[in-house]
Amino acid sequence: MNRELKVAFPHVYCELDFTDPLELSVATILSAQCTDVRVNQVTPALFAKYRTAQDYAGADRTELEELIRSTGFYRNKANSIIGLGQALVERYYGEVPGKLKDLVTLPGFGRKTANVVLGNAFGVPGITVDTHFGRLVRRWRWTEETDPVKVEHAVGELIERKEWTDLSHRIIFHGRRVCHARKPACGVCILAKDCPSFGEGPLDKAEAAALVKGPETEHLLDLAGMSAS
């Protein structure tokens, strides 16, 4: 299934826009209960105003909250971002550390955020168990675990460590583009022959094709012997 996902999504990437570990850390905090698209609309102005950990540590709370309001839960997120800036200044000379054990101690960070930052900003393999990832690996019977940390370890035992970051992206892409929660596009899914949940969504190719989303739609439908048009 991992090999098939590579065929479906040969070019995977973090869908949050960032240029350094600090920007990715802030963007990932903002992405909680919010779409990456919305976060990417907010961060250009945010990153232009706050360029360093010191900037976030000394941020005016009202101004920061206003900038991130549209991402939801903006008060809690502002607390985390200001706290992150303060912790980085106090403990890490203003730099985001590159180790899991350090990252998970920072405000706004759990293992999911830490693995996103490690995998995408530092090139350290990590499994990112977001809603899509957990949902799909259970749908595929890779694990029955529901706790994200247990899911991370269970999948980590199945897949080579060097694959972890890209695997996370591919599964998340597949969850967003094809394997939707309520109505997966089973009829055009590249994993159909291996998926134990095949048939939860429409099997008719035309009906299933209409459910596929995202920039890879044409490629995915070509793989299924369909035309995007």
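Each remark here, short or long, concerns the structure printed above.
The text that follows walks through the structure, step by step, so that each part is easy to find. Not measured: the values here are computed from a predicted model.

Here we look at the pattern of salt bridges
Stage number 1. In total, this model carries 13 salt bridges according to the counting rule given.
Stage number 2. Where Glu207 meets Lys183, a salt bridge forms, and the shortest distance between an N and an O atom there is 3.7 Å. Highlighted residues: Glu207 in helix H12 (residues 205-209) and Lys183 in the loop between helix H11 (164-177) and H12, separated in sequence by 24 residues.
Stage number 3. For Glu207, a relative accessible area of 39% translates into the label partly exposed.
Stage number 4. Residues joined in a network through salt bridges with shared partners are Glu15, Asp36, Arg176, Arg177 and Glu216.

Some remarks on the packing of helix H2 (residues 21-30) against helix H6 (residues 74-91)
Relative placement of two packed helices is described by the angle separating their axes and the distance separating the axes.
Stage number 1. As a packed pair, H2 and H6 sit with axes 10 Å apart at the nearest point and diverge in direction by 155 degrees. It follows that H2 is roughly antiparallel to H6 by the angle criterion. The chirality of how H2 crosses H6 is right-handed. Residue-level contacts link Leu22, Ser25, Val26, Ile29 and Leu30 of H2 to Lys77, Ser80, Ile81, Leu84 and Leu88 of H6.
Stage number 2. When grouped by side-chain class, the residues that make up the contact of H2 with H6 number seven nonpolar, two polar and one charged.

Quick word on helix H5 (residues 61-68)
Every α-helix carries 3.6 residues per turn, so stepping three or four residues along brings you back to the same face.
Stage number 1. Taken as a whole, H5 has its buried residues at Leu64, Glu65 and Ile68. In a view along the axis of H5, the buried residues occupy a sector of 100 degrees, so they form one face of it. H5 presents Thr62 and Glu66 as exposed residues on the side facing more than 90 degrees away from its buried surface.
Stage number 2. On its buried face, H5 is in contact with H2, helix H3 (36-49) and H6.
Stage number 3. One side-chain oxygen at the N-terminal end of H5 lies 3.1 Å from the backbone nitrogen of Thr62; it belongs to Asp60.

Rules used in this analysis
- Residues numbered from 1 in each chain as written.
- Predicted model: local features only at pLDDT ≥ 70, side-chain atom pairs only at ≥ 80, totals over all residues.
- Heavy atoms only, no water.
- Salt bridge = Lys/Arg side-chain N within 4 Å of Asp/Glu carboxyl O.
- Helix = DSSP H or I, 4+ residues; strand = E, 2+ residues; numbered from the N terminus.
- Buried < 20%, exposed > 50% of the residue type's maximum accessible area, 1.4 Å probe, protein only.
- Axes fitted to C-alpha atoms, helices over the stretch in contact; angles between N-to-C directions.
- Parallel < 35°, antiparallel > 145°, perpendicular 65-115°, else oblique.
- Left-handed = near helix turned anticlockwise from the far one by under 90°.
- Contact = heavy atoms within 4.5 Å.
- Nonpolar A, V, L, I, M, F, W, Y, C, P; charged D, E, K, R; others polar.
- Arc of directions from axis to C-beta.
- Polar contact = N/O pair within 3.5 Å; in protein donor to acceptor, adjacent residues only side chain to side chain.

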